[in-house]
Amino acid sequence: KAGVTQTPRYLIKTRGQQVTLSCSPISGHRSVSWYQQTPGQGLQFLFEYFSETQRNKGNFPGRFSGRQFSNSRSEMNVSTLELGDSALYLCASSSLGQLGQETQYFGPGTRLLVL
Amino acid sequence: GENVEQHPSTLSVQEGDSAVIKCTYSDSASNYFPWYKQELGKRPQLIIDIRSNVGEKKDQRIAVTLNKTAKHFSLHITETQPEDSAVYFCAASSLNRDDKIIFGKGTRLHILP
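Everything quoted here is computed from the prediction, not taken from an experiment.

Student: Quick question: what am I supposed to make of the environment of Asn 3 of chain B here?
Tutor: Residues and elements named next belong to chain B. Within the secondary structure, Asn 3 is located in the segment before strand 1 (4–7). The exposure class assigned to Asn 3 is partly exposed, which follows from its relative accessible area of 35%. Each C-alpha atom of the pair Asn 3 and Lys 71 lies 11 Å from the other, and the pair is 68 residues apart in sequence. Setting aside residues up to four positions removed in sequence, Asn 3 forms contacts with Thr 24, Tyr 25, Ser 26 and Ile 102. Separated by 2.8 Å, the side chains of Asn 3 and Glu 5 make a polar contact.

Student: Would you mind showing me how to read the interface of chain A and chain B here?
Tutor: Interface size is often expressed as the accessible area that is lost when the parts come together. Facing 21 residues of chain A, the contacting portion of chain B comprises 16 residues. Of the roughly 1700 Å² buried where chain A meets chain B, counting both sides, 54% is carbon and sulfur surface. Taken together, the connections running from chain A to chain B amount to zero salt bridges. Connecting chain A to chain B are two residue pairs in polar contact (both at pLDDT 80 or more).

Student: Just checking my understanding: could you explain the layout of surface pockets for this structure?
Tutor: A probe matching the size of a water molecule, rolled over the atoms, marks out where space remains unfilled. Looking at the largest pocket, its volume works out to about 560 Å³. Lining of the largest pocket is provided by 27 residues; of these, Gln 37, Leu 88 and Arg 111 of chain A together with Gln 38 and Arg 108 of chain B occupy positions nearest its centre. Of all elements in the fold, only strand 4 (31–38), strand 9 (87–94) and strand 11 (110–114) of chain A together with strand 9 (86–93) and strand 11 (107–112) of chain B reach the threshold of two or more residues within the lining of the largest pocket. It is strand 11 of chain A that provides the largest number of residues to the lining of the largest pocket, a total of three residues. Along the lines of polarity and charge, the residues of the lining of the largest pocket split into 10 nonpolar, 11 polar and six charged. Taken as a whole, the second largest pocket holds about 370 Å³ of empty space. As for the second largest pocket, its lining consists of 17 residues, of which Leu 43 and Gln 44 of chain A together with Glu 2, Ile 102 and Phe 103 of chain B are closest to the centre. For the lining of the second largest pocket, the secondary structure elements donating two or more residues are strand 5 (42–50) of chain A together with strand 1 and strand 10 (101–103) of chain B. Split by residue class, the lining of the second largest pocket holds seven nonpolar, six polar and four charged.

The rules behind the values
- Counting of residues starts from 1 at the beginning of each chain's written sequence and follows it residue by residue.
- Working convention: letters from A go to chains and numbers from 1 go to ligands, in the order in which they are written.
- Local features are withheld for residues below a pLDDT of 70 in this predicted model, meaning they are given only at 70 or higher, and side-chain atom pairs are given and counted only at 80 or more; totals for whole chains, interfaces and linings count all residues.
- Note that the side-chain values use all heavy atoms of the structure and ignore hydrogens as well as water.
- Working definition: helices are DSSP H or I runs of at least four residues, strands are E runs of at least two. Numbering for both runs from the N terminus.
- A 1.4 Å probe rolled over the protein chains alone gives each residue an accessible area, and that area as a share of the maximum for its type sets the label: buried under 20%, exposed over 50%, partly exposed in between.
- Here, residues are in contact when the closest pair of their heavy atoms is within 4.5 Å.
- In the analysis that follows, any N or O atom pair within 3.5 Å is treated as a polar contact, provided that within protein one partner can donate a hydrogen and the other can accept it, and provided that, for residues neighboring in sequence, both atoms belong to side chains.
- Buried area: the accessible area, evaluated with a 1.4 Å probe, that two parts lose upon being put together, summed over both parts.
- Here, a salt bridge means any side-chain nitrogen of Lys or Arg that lies within 4 Å of a carboxyl oxygen of Asp or Glu.
- For each structure, a 1 Å grid was placed over the protein atoms alone; sets of points admitting a 1.4 Å probe that cannot get out are labelled cavities, open sets with protein on both sides within 12 Å along at least five of seven lines are labelled pockets, and lining residues have an atom within 4 Å of a point.
- Grid points are joined across faces, edges and corners, and a volume is the space filled by probe spheres set on the points.
- Throughout this entry, Asp, Glu, Lys and Arg are counted as charged residues, while Ala, Val, Leu, Ile, Met, Phe, Trp, Tyr, Cys and Pro are counted as nonpolar. The remaining residues, Gly among them, count as polar.

As structure tokens, this is what we get:
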């Protein structure tokens, strides 16, 4: 099975712009979670989608949003980018999103740099 | 809000010695504690996890202990090897509630030759 893929791998944007990142889960996986990783804050949970519905949400402002398509592919969008949004954005997929019951598999991440 | 503290932030141990990383959590409802290993430039990978109904779990050279009363849990790596060099993240979540997962800030483990 192919692993979790994320596109693009690297991205440079300027403040005020918006960005859309894409994640394709492992075939058959219906849960996709998004995380932000920065040196200062570590790994932080953004949100989780399951069967096209947002099921869980972390403590991020409304500028961060996402969606999931019928094929389980997910996108996250960040509007009005700020310098502090520079980070590695990771997505992870699992079959049912049952934390503790099954393993989450992470993608390689999209490294976003906001100038 | 919920918080997970992880210590130390950096740890250097001689190859063959043991390494211990400690985490404390604030949310008493947390009942699931995974540990992730992230090698340089790679994605995090789950290496071991423990639930609150268990005090200790072992998998070869890796073990995790949990003290629910004190709200802390630890990762123990014995007979360390060069390939153990990585950043390790602990996390806490409540499986019964909302499945939100809170991570520690990571420990950079260096295995010295």
